[in-house]
Amino acid sequence: MKLEIEIAGRIRTVEHTPGEPNVTVDGVPVAVEAQVLRPGLLSLVVAGRAWRVVLEEDANEPAIHLGGERIPYRVDDPRSLKARRARTTGADGPKAIKASMPGRVVRVLAQKGEAVKAHHGVVVIEAMKMQNELKSPKEGRVAELRVAPGDTVAAGDVLAVIE
Amino acid sequence: MLTKTKPRPFRKILIANRGEIALRIARACRELGIPSVAVYSDADRAAPHVLGAAEAYRLGPSPATESYLRGDLLLEIASRAGADAIHPGYGFLSENAGFAEACGKSGVKFIGPPASAMRALGSKTRARQAADKAGMPRTPGSTTALASVKEALKVADDIGYPVMLKASAGGGGKGMRAITRSEDLKSAFEAAQSEAERAFGSNEVYLEKLIEHPRHIEIQVLADEHGHCLYLGERECSVQRRHQKVIEEAPSAVVGDDLRRRMGEAAVRLAQSAGYTNAGTVEFLLDSEENFYFLEMNTRLQVEHPVTELITGLDLVHLQIRIAQGEPLPLTQQDVHLRGHAVECRVYAEDPDNGFFPSPGKITRLLQPGGPGIREDSGIYEGWTVPMDYDPMLSKLIAFAPTRETAIARMLRALDEYVIGGIRTNLALFRRILGDADFQAARIDTGYLDRLLAQGPATGAENSLEDRESVAAIAAAIFESQRTTAPTTAPQSVSAWKRAAREEGLSR
């Protein structure tokens, strides 16, 4: 099976057959011994070095925890059309403003239909005594406003759409 | 004046707090054989401090103003549960003189200083007056609230720029402004006043001379109700972001025996002049010439108390309870010996890669460190949802070793073992600070962390990063193939992979 894994802005092609001790990374074979300890927890021995690997699944992006470091990644199955399309979408279409953290909506700064400039604040959410102003990613018009003050939102929720 | 009380063990202690500190206090109660009572808001029904309690009562809805800040409800629960003492922890009502007084009126002992001492030291301007009376050095500037911009300009001219405007009722950096030129004073004065009004309900501000590149050094004091007071060495808390402590250590790498004694004795003088009892902390700024200036007094147990516990071998919460029971201090200043070095990291649910935004939510994965010299005071468990209603502290990780160098190495090792998944945390920030050459050489002051963060993302160690990224890519591919080949497409491959993996493990 061949997968494209994007880590820190770089795409790595990883090929492996479940059960086989050899994995190729960008075409280079690497000796790998893997043991799944429990779901999401893996012991890997790569070229003699042992690693405890923890998978973190999240609404926004999955990540690997490795030796005290958290490494987010994106995965593309080269056969997947959806992933291809997602990557080639340009900057012209409607853009969603998503909650970067869970919280409560405290203020809405632009109403539906209102024209906004790029970096203009649209929604303010609050969590743990800190407020976070979410800004418009581009100049345009508020096409959709999906939240009102008092609403509770999860990370990744679409709050508004700018077109 | 001190009111002497006959020692009498508490029947039961109500813990008016949540999170790691509520657990910390409950553990001390259990060790002393005193039953304790937990309280919780709706958001905290499944919080660790409730799960670990023998007795627990609901306070109210999630907002702190309707739960943990409701002194009336706390006293009602204390009476219902038969608690004759309340430990306030830190934050919430811990420095609220009115609540301490209300406890006294209800016949419940407040485990902390008397309300009169809290009032004398609670406002920053009053504390500066108290410092003058106790003959301790403080930063030059005003000791009363500034009446007008005109007065502010005069004080600033007298002490010389740069100056600092601060809120009398302040804390957490709110209402604070640094000013380098007289032209800027008027607008800064007005902005500081309105910010102070909004944050603390009082627009009182005062001026003091800005100390350049100071270190934050604080002295832990303990006073009993029989007139004895001692100091337990210092903590250095210079690693701060926006005036919030991030890493604390004890002792400070730059405080020698003589300076420690002078700062300690000054702190004791201040505490005694205000009739202080129980645990407290006197904060100082230390300049590069080893001059120290009184900053403020915190009239409660501090977040960072464990580093002092580790280097003194004392349990501060045990001592707080024993003092509140009317016992005399079981040791004298000569019995206080400092040994080794301790470092503490405040683990927060916040995202250093995204403007330090808070990151509440469900903890899907938790692997905690252990081994020699590691202590963790934690308030979380795997599967718990960290509520969005309170401050983002998850846990305190503390490393202890004979030397500073080994304590740092231990902390780095423990950070490598620590995994918190599902929410963002600042664990990676600690790795960066502890690995930094300036931190390792103790070249730190209160502006150190801001300068480090301004350098942008850490570089160096490229090779090992490259290595890790390849391993991460392999691991991601293995996890993903398990996921994407699940039931519909190729049901066999998952179990085949698992079986093969198991066999490989067995054949080793």
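For clarity, every value in this text was computed on a predicted model and none was experimentally measured.

### Points about the interface of chain A and chain B
So, point 1. Facing 51 residues of chain A, the contacting portion of chain B comprises 45 residues.
So, point 2. A total of six residues in the side of chain A that touches chain B trace back to one element, the largest contributor, which is strand β4 (residues 28-38) of chain A.
So, point 3. Here the residues of the side of chain A that touches chain B sort into 31 nonpolar, 10 polar and 10 charged.

### Thoughts on unusual backbone geometry
Residue and element names in this part refer to chain B.
So, point 1. Y161 connects to P162 through a cis peptide bond whose omega is -5 degrees.
So, point 2. Inspection of the secondary structure assignment puts P162 in the loop between α7 (149-159) and β6 (163-167).
So, point 3. Residue P251 is bonded to the preceding A250 through a cis peptide linkage, with omega at -10 degrees.
So, point 4. If you trace the backbone, P251 turns up in the loop between β11 (244-250) and α9 (257-273).

### What to know about helix α12 (residues 404-417) of chain B
Residues and elements named next belong to chain B.
So, point 1. Taking 1.5 Å per residue as the helical rise, α12 with its 14 residues ought to reach 20 Å, and the 20 Å between its terminal C-alpha atoms agrees with that figure.
So, point 2. Those residues of α12 lying buried are A407, I408, R410, M411, A414 and L415. One side of α12 holds all its buried residues, which, seen down the axis, span an arc of 160 degrees.

### Describing the pairing of strand β9 (residues 215-223) of chain B
All names here are of chain B.
So, point 1. Among the nine residues of β9, nine are classified as buried, and the element is accordingly described as predominantly covered.
So, point 2. Side chains R215, I217, I219, V221 and A223 project from β9 onto one buried face, and the interleaved H216, E218, Q220 and L222 project onto a second face that is buried too.
So, point 3. Relative to strand β12 (residues 278-286), β9 is paired through nine bridges, and the arrangement is antiparallel. Across the sheet, the residue bridging to I219 is V282, located in β12.
So, point 4. Bridging between β9 and strand β10 (residues 229-241) involves six bridges; their strand directions are antiparallel. Counterpart to L222 in the pairing with β10 is L230.
So, point 5. Connecting the antiparallel pair β9 and β10 is a turn made up of five residues, with G227 showing a positive phi of about 90 degrees.

### Regarding the packing of helix α4 (residues 97-105) of chain B against helix α5 (residues 115-122) of chain B
Residues and elements named next belong to chain B.
So, point 1. Where α4 meets α5, the axes come as close as 8 Å, and the angle between the chain directions of the two elements is 175 degrees. If you check the angle between α4 and α5, you find them roughly antiparallel. Between α4 and α5, the residues in contact are A97, A100 and E101 and A115, M118, R119 and G122, respectively.
So, point 2. Its residues placed into classes, the contact of α4 with α5 shows four nonpolar, one polar and two charged.

### Side note on the domain arrangement of chain A
So, point 1. Domain annotation for chain A reports domain 1 (2-84) and domain 2 (95-162).
So, point 2. Computed from C-alpha coordinates alone, the two centres of domain 1 of chain A and domain 2 of chain A are separated by 34 Å.

### What to know about the nonpolar core
So, point 1. Judged by nonpolar contacts, the single largest core of 101 residues is most densely connected at B:L14, B:I86, B:V221, B:A267 and B:L270.
So, point 2. Per element, the largest residue contribution to this core is seven residues, and it comes from helix α1 (residues 19-31) of chain B.
So, point 3. B:V221 has contacts with B:C229, B:L230, B:Y231, B:A267, B:V268, B:A271, B:G280 and B:V282, leaving out every residue within four places of it along the chain.
So, point 4. One finds A:V23, A:A34, A:V75 and B:I398 within the second-largest nonpolar core, a separate group that totals 68 residues.

### What to know about the sheet that holds strand β15 (residues 152-153) of chain A
Residues and elements named next belong to chain A.
So, point 1. Ordered in space as β13-β12-β10-β15, the four strands form an open sheet in which the pairing is antiparallel. The open sheet is flanked by β13 (130-135) and β15, the only strands paired with a single partner.
So, point 2. Two elements, strand β10 (residues 103-108) and β15, share two bridges in a ladder whose sense is antiparallel. Across the sheet, residue R104 finds its bridge partner in β15, namely T152.

### A word on the pairing of strand β7 (residues 63-66) of chain A
The two faces of a sheet get side chains in turn, since along a regular strand they alternate between them.
All names here are of chain A.
So, point 1. Along β7, one buried face is formed by A63 and H65 and the opposite face, lined by I64 and L66, is buried too.
So, point 2. Pairing geometry for strand β6 (residues 49-56) and β7, over four bridges, is antiparallel. Looking across to β7, one finds that E56 is bridged to A63.
So, point 3. Note: β7 against strand β8 (residues 69-76), four bridges, orientation antiparallel. Within the sheet, the bridge partner assigned to A63 lies in β8 and is P72.
So, point 4. Counting the residues that bridge the hairpin from β7 to β8 gives two residues, and of these G67 lies at a positive phi of roughly 50 degrees.

How each quantity is defined
Residues numbered from 1 in each chain as written. Chains lettered and ligands numbered in written order. Predicted model: local features only at pLDDT ≥ 70, side-chain atom pairs only at ≥ 80, totals over all residues. Contact = placed C-beta atoms within 7 Å. Helix = DSSP H or I, 4+ residues; strand = E, 2+ residues; numbered from the N terminus. Nonpolar A, V, L, I, M, F, W, Y, C, P; charged D, E, K, R; others polar. Expected span 1.5 Å × (residues − 1). Buried ≥ 20, exposed ≤ 12 C-beta atoms within 10 Å, placed from the backbone. Arc of directions from axis to C-beta. Pairing = 2+ DSSP bridges. Axes fitted to C-alpha atoms, helices over the stretch in contact; angles between N-to-C directions. Parallel < 35°, antiparallel > 145°, perpendicular 65-115°, else oblique. Domains from an automatic or database assignment. Core = buried A, V, L, I, M, F, W, Y, C linked by C-beta atoms within 7 Å.

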